[in-house]
Amino acid sequence: MLNESIIEEIYRRVVQEEEPSTEYKKEKNKNTQLRDELEMTLTDKQKEQLNILIESRIVMEDIDCKDYFSKGFKIAVKIMTEVFYKQDT
């Protein structure tokens, strides 16, 4: 995309290429099992509301992760700039 920052592009590539950790996979399986158990007790309307809530939470977490990545990247660049600047002076 033309208007997207390079930091966001790097973030997207890192996320796409990175294999989830064993710990993440374990928690994901646990989460899926708990969700399945909960859904068995819900009405169709409640299931729909739960799915909307979960999707919203996923979007929020993705935004949060992207923001943290961007902030960390910018801090790293500032550190590198300071190191290189102080080495030259």
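A brief look at the structure comes next.

## As for the pattern of salt bridges
Under the counting rule described, the total for this entry stands at 5 salt bridges. The closest approach of N and O atoms between Glu9 and Arg12, which form a salt bridge, is 3.1 Å. Placement of the pair is Glu9 and Arg12 together in helix H1 (residues 6-17), with a separation of 3 residues, close to one helical turn. Using a relative accessible area of 22% as the deciding quantity, one classes Glu9 as partly exposed. Overall, Arg12 belongs to the partly exposed group, its relative accessible area being 31%. Through salt bridges with shared partners, a single ionic network connects Glu9, Arg12 and Arg13.

## Re the side chain of Glu39
Along the chain, Glu39 falls in helix H2 (residues 22-39). Ignoring sequence-local partners within four residues, the contact set of Glu39 consists of Lys47, Leu50 and Asn51.

## Looking at the packing of aromatic side chains
Applying the stated criterion to the full structure yields 2 aromatic pairs. Aromatic ring contacts, followed pair by pair, group Tyr11, Phe69 and Phe73 into a single cluster. Sitting over the ring of Tyr68, Lys71 keeps its end group 5.9 Å from the ring centre.

## Some thoughts on the environment of Lys71
You can see Lys71 is positioned in helix H3 (residues 44-88). For Lys71, a relative accessible area of 55% puts it in the exposed group. For the pair Lys71 and Ile7, spaced 64 residues apart in sequence, the C-alpha separation works out to 9.5 Å.

## With respect to a nonpolar patch on the surface
Nonpolar side chains collect at one region of the surface, where Ile75, Ile79, Met80, Val83 and Phe84 lie side by side and expose about 490 Å² of accessible area between them. Along the chain, Phe84 turns up in helix H3. A relative accessible area of 49% places Phe84 in the partly exposed class.

What counts and what doesn't
Residues numbered from 1 in each chain as written. Predicted model: local features only at pLDDT ≥ 70, side-chain atom pairs only at ≥ 80, totals over all residues. Heavy atoms only, no water. Salt bridge = Lys/Arg side-chain N within 4 Å of Asp/Glu carboxyl O. Helix = DSSP H or I, 4+ residues; strand = E, 2+ residues; numbered from the N terminus. Buried < 20%, exposed > 50% of the residue type's maximum accessible area, 1.4 Å probe, protein only. Contact = heavy atoms within 4.5 Å. Phe/Tyr/Trp six-rings, centres within 6.5 Å; stacked < 30°, edge-to-face > 60°. Lys NZ or Arg CZ within 6 Å of the ring centre and 35° of its normal. Patch = residues over 30% accessible without salt bridge, like charges linked within 9 Å, V, L, I, M, F, W, Y side chains within 5 Å. Areas by Shrake-Rupley, 256 points an atom, 1.4 Å probe, with all protein chains shown as cover.

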